[in-house]
Amino acid sequence: MALKGVRVVELAGLAPGPFCGMVLADFGAQVLRVDRVGSLGDVSQLARGKRSLVLDLKRAQGAAVLRRLCKRADVLLEPFRRGVMEKLQLGPEILLQENPKLIYARLSGFGQSGRFSRKAGHDINYLALSGVLSKIGRSGDNPYAPLNLLADFGGGGLMCTLGILMALFERTRSGKGQVIDANMVEGTAYLSSFLWKTQNVGLWEQPRGQNLLDGGAPFYTTYRTADGQFMAVGAIEPQFYRQLIQGLGLKSEELPKQMSMTDWPEMKKRFADVFAKKTKAEWCQIFDGIDACVTPVLTLEEAACHDHNRERGSFMTDEEQHVSPRPAPLLSNTPAAPSAERDPFVGEHTEDILKEFGFNQEEIDQLRSDRIIESNKPKPKAHL
């Protein structure tokens, strides 16, 4: 795998950090998740392929253990607000001095500087501050966040992963690590570069929800079917639009021009009336042989079973029969090999990891006695 041999120390946090760590693990990195004392586990459910140790970083002995781990690590992934790691005497100045090759990845909401750098927030707040939230929502409605995908996972976790990979590549030339300031506000803004770059070319002149790509166009939106399901329409180009009209059983000469924006509201109503006369399955059959950019809106369960996705093996099933997306993208020579095993228990690998990093049994026993670490080995199943 592409990242085989890369050692990552991930400090447990909420969704963005665990996602970043999971991507690295899926592509071969050895990811060690440092959980907090008394933690109930990874609430994000993104611990695939990782190992877990429990360590009390708020005490000097625990911080000293982490420093020893980082001396042999390639990457440290930390998800805290500005100043938290410095308060623990675990800031980049200390850790990079002890290991100049360390890549110190900081994934936060607002970044390591600026007046909001110490403030709490969540996906919707970062999305709001990036400017992107103002553009998302139906006409006349309040802006709404598309789940917590854009800021947490796109602008946060995935952008941080990109930063780590670039830093690893640069290290092959310089031999030096560096600090990554990944944050969800700037990551989301960067993801929206197309939005920013197209401000002056007519794509976003109308109010929110009335433009070409935000649900305003009758040929770029979703429609309810007779069985209460939905179809997604993206027939922007004229050739695809002609196929859409044909599939709907309408006649182009009886309709307004495609790009007549003043007619879009009425056209949406007309298209909606037509879509409402057939079920999703019927529309799928009609558009299956037509290149009209019309597809069914699938539930998560339907997506995993769809013929196209099954043919590509786009989803995987773990040993507990939980279905999740297969890692992307596909690499021809060094593909990802995600673990199918259950996620680790909190503290399941504490002793094993410490031994790998040079701790002897006496040190481990003392750390356990002082309650700096916790171990939670699974109990063997009883034989009937």
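An unreviewed UniProt entry annotates the protein as Alpha-methylacyl-CoA racemase of Ictidomys tridecemlineatus. The Sequence similarities (unreviewed entry) comment attached to the protein in UniProt states, word for word, "Belongs to the CoA-transferase III family." We quote the UniProt Subcellular location (unreviewed entry) comment for the protein here in full: "Peroxisome".

A. Main features of the overall build of the protein. What the protein contains, in helices and strands, is 15 helices and 12 strands. Seen through its C-alpha atoms, the protein measures out along the principal axes to roughly 85 × 60 × 40 Å. Evaluated residue by residue, the protein yields a buried proportion of 43% over its 384 residues. For the protein, the share of sequence-separated contacts (at least 6 apart) that also reach a separation of at least 24 residues comes to 65%. As presented, the protein carries roughly 21100 Å² of accessible surface, and 53% of it is formed by carbon and sulfur atoms. Averaging the coordinates of the 48 positive side-chain charges in the protein and doing the same for the 46 negative ones gives two points 4 Å apart.

B. Summary view of the sheet that holds strand 3 (residues 51-55). A sheet is described by the order of its strands in space; here seven strands give the open sequence 6-5-4-1-2-3-12, paired in mixed fashion. With partners counted over all chains shown, the strands left at the sheet margins are strand 6 (179-183) and strand 12 (373-374), one partner each.

C. Molecular detail of the pairing of strand 3. The element strand 3 is largely enclosed, with a buried count of five among its five residues. Because side chains alternate across strand 3, one face comprises the buried residues Arg51, Leu53 and Leu55, and the other comprises Ser52 and Val54, equally buried. Relative to strand 3, strand 2 (residues 30-35) runs parallel, the two being bridged by four bridges. By the bridge assignment for strand 3, aspartate 35 is matched with valine 54. The pairing of strand 3 with strand 12 spans two bridges and is classified as antiparallel.

D. Spatial organisation of the side chain of serine 108. Summarising the element assignment, serine 108 is placed in strand 5 (residues 103-108). Engagement of the side chain of serine 108 in a polar contact is seen with the backbone nitrogen of glycine 111, the distance being 3.0 Å. Setting aside chain neighbours within four positions, we find serine 108 in contact with Phe80, Ala182, Asn183 and Met184.

E. Main features of helix 7 (residues 184-191). Regarding helix 7, the residues found buried are Met184, Val185, Gly187 and Thr188. Looking at the buried side of helix 7, the elements it contacts are helix 1 (16-26), strand 5, helix 5 (123-130), helix 6 (149-174) and strand 6. Regarding helix 7, its N-cap is asparagine 183, as a side-chain oxygen of that residue lies 3.3 Å from the backbone nitrogen of valine 185 further along.

F. Structural view of the pattern of salt bridges. A full pass over the atoms with the stated rule returns 14 salt bridges. Residue arginine 106 is joined to glutamate 78 by a salt bridge in which the shortest nitrogen-to-oxygen separation is 2.6 Å. Of this pair, arginine 106 sits in strand 5 while glutamate 78 sits in strand 4 (residues 75-78), and the two are 28 residues apart along the sequence. Between aspartate 365 and arginine 368 there is a salt bridge; the shortest N-O distance is 3.1 Å. Within this pair, aspartate 365 and its partner arginine 368 are both found in helix 15 (residues 361-369), separated by three residues, close to a single helical turn. Taking the relative accessible area as the measure of exposure, aspartate 365 reaches 36% and is therefore partly exposed. Residue classification places arginine 368 among the partly exposed positions, given a relative accessible area of 32%.

G. Molecular detail of the sheet that holds strand 8 (residues 230-234). Taken in spatial order, the three strands line up as 7-8-9 in an open sheet, and their pairing is antiparallel. With partners counted over all chains shown, the strands left at the sheet margins are strand 7 (220-224) and strand 9 (294-296), one partner each. If you compare each strand with its neighbour and ignore which way they point, the axes differ by 25° on average. Bridge count for strand 7 against strand 8 is five bridges, and the pairing is antiparallel. Bridging from a neighbouring strand, tyrosine 220 pairs with glycine 234 of strand 8. Its contacts with the sheet put helix 10 (residues 264-275) on strand 7 and strand 8, and the angle it makes with strand 7 is roughly 40°. Of the strands in this sheet, strand 8 and strand 9 are in contact with helix 11 (residues 280-288), which crosses strand 8 at around 35°.

Reading guide: rules and limits
Residues numbered from 1 in each chain as written. Predicted model: local features only at pLDDT ≥ 70, side-chain atom pairs only at ≥ 80, totals over all residues. Heavy atoms only, no water. UniProt positions renumbered as here; feature names shortened; annotations may be inferred. Helix = DSSP H or I, 4+ residues; strand = E, 2+ residues; numbered from the N terminus. Buried < 20%, exposed > 50% of the residue type's maximum accessible area, 1.4 Å probe, protein only. Contact = heavy atoms within 4.5 Å. Areas by Shrake-Rupley, 256 points an atom, 1.4 Å probe, with all protein chains shown as cover. Lys, Arg positive; Asp, Glu negative; His and termini not counted. Charge placed at Lys NZ, Arg CZ, Asp CG, Glu CD. Pairing = 2+ DSSP bridges. Polar contact = N/O pair within 3.5 Å; in protein donor to acceptor, adjacent residues only side chain to side chain. Salt bridge = Lys/Arg side-chain N within 4 Å of Asp/Glu carboxyl O. Axes fitted to C-alpha atoms, helices over the stretch in contact; angles between N-to-C directions.

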